[in-house]
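Here's the letter readout for the chains.
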Amino acid sequence: MSERPLLIGVCACIGCPGSQGQLPGVFTRTLHYLKQSVVHWVPSGHAMAVMIPAVMQDNTALCVDRDPDDHAGALDHLVRQGGNDVAPEACGQHPLQPERAGDRVRDFCETAPIDAFARAGKPVCGVCRALQPLGVIHGGSP
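Before going into details, it helps to say that this report is about the structure given with it. Quick caveat, the model's predicted, so the values are computed rather than measured.

Definitions and limits used
- Per chain, residues are indexed from 1 in the order of the written sequence.
- Residue-level local features of this predicted model are given only where pLDDT is at least 70; pairs of side-chain atoms are given and counted only at 80 or more, and the full residue set underlies all totals for whole chains, interfaces and linings.
- Excluded from the side-chain calculations are hydrogens and water; all other atoms, namely the structure's heavy atoms, are used.
- When DSSP locates at least two bridges between a pair of strands, those strands are taken to pair.
- Working definition: helices are DSSP H or I runs of at least four residues, strands are E runs of at least two. Numbering for both runs from the N terminus.
- Axis definition: a line fit to C-alpha positions, over the contact stretch in the case of helices; interaxial angles, taken between N-to-C directions, run 0 to 180 degrees.
- In what follows, residue pairs with any heavy atoms lying within 4.5 Å of each other are defined as contacts.
- A helix's residues, less one, multiplied by 1.5 Å, set its expected span.
- Note on bend: the value at a residue is the angle between axes fitted to the seven residues ending there and to the seven starting there.
- Relative accessibility under 20% of the residue-type maximum defines a buried residue, over 50% an exposed one, and the middle range a partly exposed one, all with a 1.4 Å probe and only protein chains included.
- Cysteine sulfur atoms that come within 2.5 Å of each other are treated as a disulfide pair.
- Note on terminology: a nonpolar core comprises buried Ala, Val, Leu, Ile, Met, Phe, Trp, Tyr and Cys residues joined through side-chain atoms within 4.5 Å.

1. Some words on the sheet that holds strand β7 (residues 77-80)
Phase 1: Spatial strand order, β4-β1-β7-β8: four strands in an open sheet with parallel pairing. Two strands lie at the open edges of the sheet, namely β4 (47-52) and β8 (124-126), each paired on one side alone. Here the strands of the sheet are splayed against their neighbours by 25 degrees on average, with no regard to which way each runs.
Phase 2: Note: strand β1 (residues 6-11) against β7, four bridges, orientation parallel. Looking across to β7, one finds that Val 10 is bridged to Val 79.
Phase 3: Of the strands in this sheet, β1, β4, β7 and β8 are in contact with helix α3 (residues 104-119), which crosses β7 at around 150 degrees.

The structure is reproduced here in structure tokens:
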């Protein structure tokens, strides 16, 4: 009998209507997704990727459909995907240019899982953009 693979929680990327321009079809809905590179990379080490979704209600991010401590208890590691920069508001700043507004929804939604995994003493890995909120959460500044 083979041993159980590691269960790696991966915070979802969030695509909101209009963020990809005015595309029809599936792009008219809020999407929660994993990037293909992450989906291929995680299982390469005897692991399974488990998406941790953010739940949107009335354009408000509720972040998770479960208590983040449940995810931290059931999963072995947390991986956070790359993407847009951290929103300046996360550091008490305002964007200097509208195109540099960052991704406030992801910043908000990924804080609870990071905290839960840290409390559980489980590893948190950030890929590219995902390292920035770790610094902010631990008192860093831009």
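Right, picking up where we left off after that structure.
2. Structural notes on α3
Phase 1: With 16 residues, α3 extends 23 Å from end C-alpha to end C-alpha; this agrees with the ideal 22 Å at 1.5 Å per step.
Phase 2: Maximal helix bending in α3 amounts to about 30 degrees, located at Glu 110; proline Pro 113 follows within four positions.
Phase 3: If you check which residues of α3 are buried, you get Arg 106, Asp 107, Cys 109, Glu 110, Pro 113, Ile 114, Ala 116 and Phe 117.
Phase 4: Gly 121 occupies a position one or two residues after α3 and carries a positive phi of about 70 degrees.

3. Here we look at the state of the cysteines
Phase 1: What the rule picks out here adds up to zero disulfides.
Phase 2: You can see Cys 13 has no disulfide; the closest cysteine sulfur is in Cys 11, sitting 9.3 Å from it.

4. Examining the nonpolar core
Phase 1: Judged by nonpolar contacts, Leu 7, Cys 11, Ile 52, Ala 72, Leu 75, Leu 78, Ile 114, Ala 116, Phe 117 and Leu 134 together constitute the single largest core of 10 residues.
Phase 2: Secondary-structure elements contributing two or more residues to this core are β1 and α3.
Phase 3: The element contributing the most residues to this core is α3, with three residues.
Phase 4: Non-local contacts of Ala 72, meaning those with residues more than four positions away in its chain, are made with Ala 116, Phe 117, Ala 120 and Lys 122.
Phase 5: Of all hydrophobic cores here, the second largest spans six residues; its members include Ile 8, Val 10, Val 42 and Val 79.

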